[in-house]
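# Chain and residue survey
Take a look at the letters that make up each chain.
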Amino acid sequence: VREWKRTLLDTNLTLPRSYKPWDLVSVSRANIKGSGKVRKIMIKDLRALAKAARRAGKPLAVRSAYRSYAYQRRLFDSYVRRYGLEKARRFSARPGHSEHQLGTTVDFTTAPGVPLTTRFGDSPAGKWLARNGWKHGFVMSYPKGRKNQSCYGYEPWHWRYVGRDLARKIHQSGMVPRRYLSTHFETAP
């Protein structure tokens, strides 16, 4: 996917099963706690984000990053077994539909191993990230109260890297990333 910043994934648009970014590196290269891999192109800004959060006394950690199609299938199937297909589709992306497969999406928490919960949005670190993530190239994919525009409910931990310029434009627009991308870019890759 050459147009990684513009690639729109949702409940309808998908990536090929075989898609895997070629430049995946450990998030540890960004001097942030946690684990997983992300595209090398975002390490500099992830490092800057992590440093700014620490300086503000609101340290962040990575809970989840790149997920392959196969991994997302196993995850989604586990939710289907636990909650049923209809409910699972409300909160989890089907394989090929997950932004994590792009390698530019990170689930943040306050420390390694901390579960993903909407309470993160009310935490000091979550509030700091909501105010400052865009300055470092990150946008929250699924903001509170915007499910009809983003396809999924509130996930204050789920942040997609789109680069500083595009993140600024999305932030200034007030649109959810999915709406901004579909409005400003005519075709999906």
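Here the structure is shown first, and the text comes after it.
Residues numbered from 1 in each chain as written. Predicted model: local features only at pLDDT ≥ 70, side-chain atom pairs only at ≥ 80, totals over all residues. Heavy atoms only, no water.

Let us look at the sheet that holds strand β2 (residues 33-34). Within a sheet, each strand pairs with its neighbour through backbone hydrogen bonds, oriented either parallel or antiparallel. Spatially, the five strands line up as an open sheet ordered β2-β4-β5-β7-β6, and their pairing is mixed. With partners counted over all chains shown, the strands left at the sheet margins are β2 and β6 (138-140), one partner each. Sheet analysis places β6 next to strand β7 (residues 158-161), joined by three bridges and oriented antiparallel. Paired with methionine 140 across the bridge in β7 is tryptophan 159. (Pairing = 2+ DSSP bridges. Helix = DSSP H or I, 4+ residues; strand = E, 2+ residues; numbered from the N terminus.)

Let us look at the pairing of strand β5 (residues 105-109). Counting buried positions along β5 yields five of five residues, so the element is predominantly enclosed. Covered by surrounding structure in β5 are Thr105, Asp107 and Thr109 together with Val106 and Phe108, the residues of both alternating faces. Pairing of strand β4 (residues 61-64) with β5 involves three bridges; the strand directions are antiparallel. Within β5, the residue paired with serine 64 across the bridge is aspartate 107. Note: β5 against β7, three bridges, orientation antiparallel. Within the sheet, the bridge partner assigned to aspartate 107 lies in β7 and is histidine 158. (Buried < 20%, exposed > 50% of the residue type's maximum accessible area, 1.4 Å probe, protein only.)

Our focus in this paragraph is the pattern of salt bridges. Scanning the model with the defined rule gives eight salt bridges in all. The shortest N-O distance in the salt bridge between aspartate 10 and arginine 178 comes to 2.8 Å. Of this pair, aspartate 10 sits in the segment before β1 (24-26) while arginine 178 sits in helix α7 (residues 177-184), placing them 168 residues apart in sequence. According to the relative accessible area criterion, arginine 178 is partly exposed, its value standing at 23%. (Salt bridge = Lys/Arg side-chain N within 4 Å of Asp/Glu carboxyl O.)

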